[in-house]
Amino acid sequence: MNSTELVTRVLKGEPMKRTPIYGWLKANMSEQIAARFGSVENFEDEYEFDVAHLFGGPGHIPEDMLKRIYAHETITPEMVLDSPYNDPNIMSDYDDVVRQLKHHKSRDRFCYLNTNGIFECLNFVFGIENHLMYMALYPDEMKEIYRRQAEWNRQFALNAIELGVDMIHISDDWGAQNALLFSPAMFRDMILPNHKIIADGVKSRGCFLSLHSDGNITQALDGICEIGYDVIHPFQESAGMSYQLYLDKYADKFGIMGGLCVQTTLGFGDYDRVERELRRVFSLLKEKRWIFCTTHFVQDHCSVDELVFAYDLARKLAREE
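Here's what I pulled together on the structure shown here.

Rules used throughout
Residues numbered from 1 in each chain as written. Predicted model: local features only at pLDDT ≥ 70, side-chain atom pairs only at ≥ 80, totals over all residues. Heavy atoms only, no water. Axes fitted to C-alpha atoms, helices over the stretch in contact; angles between N-to-C directions. Helix = DSSP H or I, 4+ residues; strand = E, 2+ residues; numbered from the N terminus. Parallel < 35°, antiparallel > 145°, perpendicular 65-115°, else oblique. Contact = heavy atoms within 4.5 Å. Nonpolar A, V, L, I, M, F, W, Y, C, P; charged D, E, K, R; others polar. Patch = residues over 30% accessible without salt bridge, like charges linked within 9 Å, V, L, I, M, F, W, Y side chains within 5 Å. Areas by Shrake-Rupley, 256 points an atom, 1.4 Å probe, with all protein chains shown as cover. Salt bridge = Lys/Arg side-chain N within 4 Å of Asp/Glu carboxyl O. Core = buried A, V, L, I, M, F, W, Y, C linked by side-chain atoms within 4.5 Å. Buried < 20%, exposed > 50% of the residue type's maximum accessible area, 1.4 Å probe, protein only. Bend = angle between axes of the 7 residues up to and from the residue.

**Let's talk about the packing of helix α2 (residues 26–37) against helix α14 (residues 304–319)**
Working step 1: Interhelical geometry of α2 versus α14 gives an angle of 75° and a closest axis separation of 10 Å. When the axes of α2 and α14 are compared, the pair comes out roughly perpendicular. Between α2 and α14, the contacting residues are Met29, Gln32, Ile33, Arg36 and Phe37 on the first element and Val304, Asp305, Leu307 and Val308 on the second.
Working step 2: Its residues assigned to classes, the contact of α2 with α14 shows six nonpolar, one polar and two charged.

**Notes on a nonpolar patch on the surface**
Working step 1: Together, Met133, Leu137 and Tyr138 line one region of the surface with nonpolar side chains, adding up to about 280 Å² of accessible area.
Working step 2: Among the structural elements, Met133 can be located in helix α8 (residues 128–137).

**Some remarks on the nonpolar core**
Working step 1: If you look at the biggest cluster of nonpolar residues, it comprises 104 residues, and the most contacted ones within it are Ile168, Trp174, Ile224 and Leu307.
Working step 2: Each residue touching Ile224, except ones within four places of it in the same chain, is listed here: Trp174, Leu211, Ile217, Tyr229, Ile232 and Phe254.

**Digging into helix α10 (residues 184–204)**
Working step 1: The principal kink in α10, of about 40°, is found at Ile191, preceding the proline Pro193 by one to four residues.
Working step 2: Of the positions making up α10, those classed as buried are Phe187, Met190, Ile191, Leu192, Asn194, His195, Ile198, Ala199, Gly201 and Val202.
Working step 3: Those residues of α10 that are buried are in contact with α8, α9 (139–163), β3 (167–171), β4 (208–212) and α11 (221–227).
Working step 4: Gly206 sits one or two positions beyond α10 and adopts a positive phi of about 70°.

Below, the structure written as structure tokens:
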């Protein structure tokens, strides 16, 4: 059984003896890993990663709007509504995605492409404080902006599926450390229906769908089930989301990608803690709908020695009967 087949079965809820392995490494650790292994790609090969996280494709924000953002202008909902998005259908903009797919599919990896959500990407446009204020002051305008963003994202996703990705991965941070950044009512009224636009498009092509959201999103979990997500990254224990809640209520509804916390466990030089946490999480989630992964990008205060220690143990635990 190759990696794509393994991950596919895990996401469908079929118990597997071997746990798929992956990690978010490139953002902060490329130079350190390359000094030891030659490249991040060599590290991925060394530890036989089952999953690949792809980035690329066209951006949605037009050049004139980007100039205003970089000039620190205050961007209002009206300005966004007056500015047409870039065309997502220029297929040459996906050339790097094609290159990444070729590399990882030569290793039979399950490949998912990072895409925008409808909330987090607009924090870049408005600034998060203004964005949250606009949700309260201009709900009708923001709903229309979210709808347009969702339609753009849907087309982006459909194009990526045609190229051969196995899963669309939507990054849309909704959580603070203890609760959602907005009210549960706002989530149901403004966020959920527009994620459903994207989800329905992805599902119509028989493709898997995953969500990345940092923080505590417990108040959105039932809605996530309604949208149709197959897997959530990271289901953040360090923000108060217990794996026991997942096992008791949601294990038959969606999978988890995560398990190695970069906020509390990895990167602090405490090898005993790393081992305790890895053994604890594997004892809870092994043979469940779970892909072992870091909870976010490994931070640059992590040593390569500690990273190697963690992945040596994770690979061992993932393959143990």
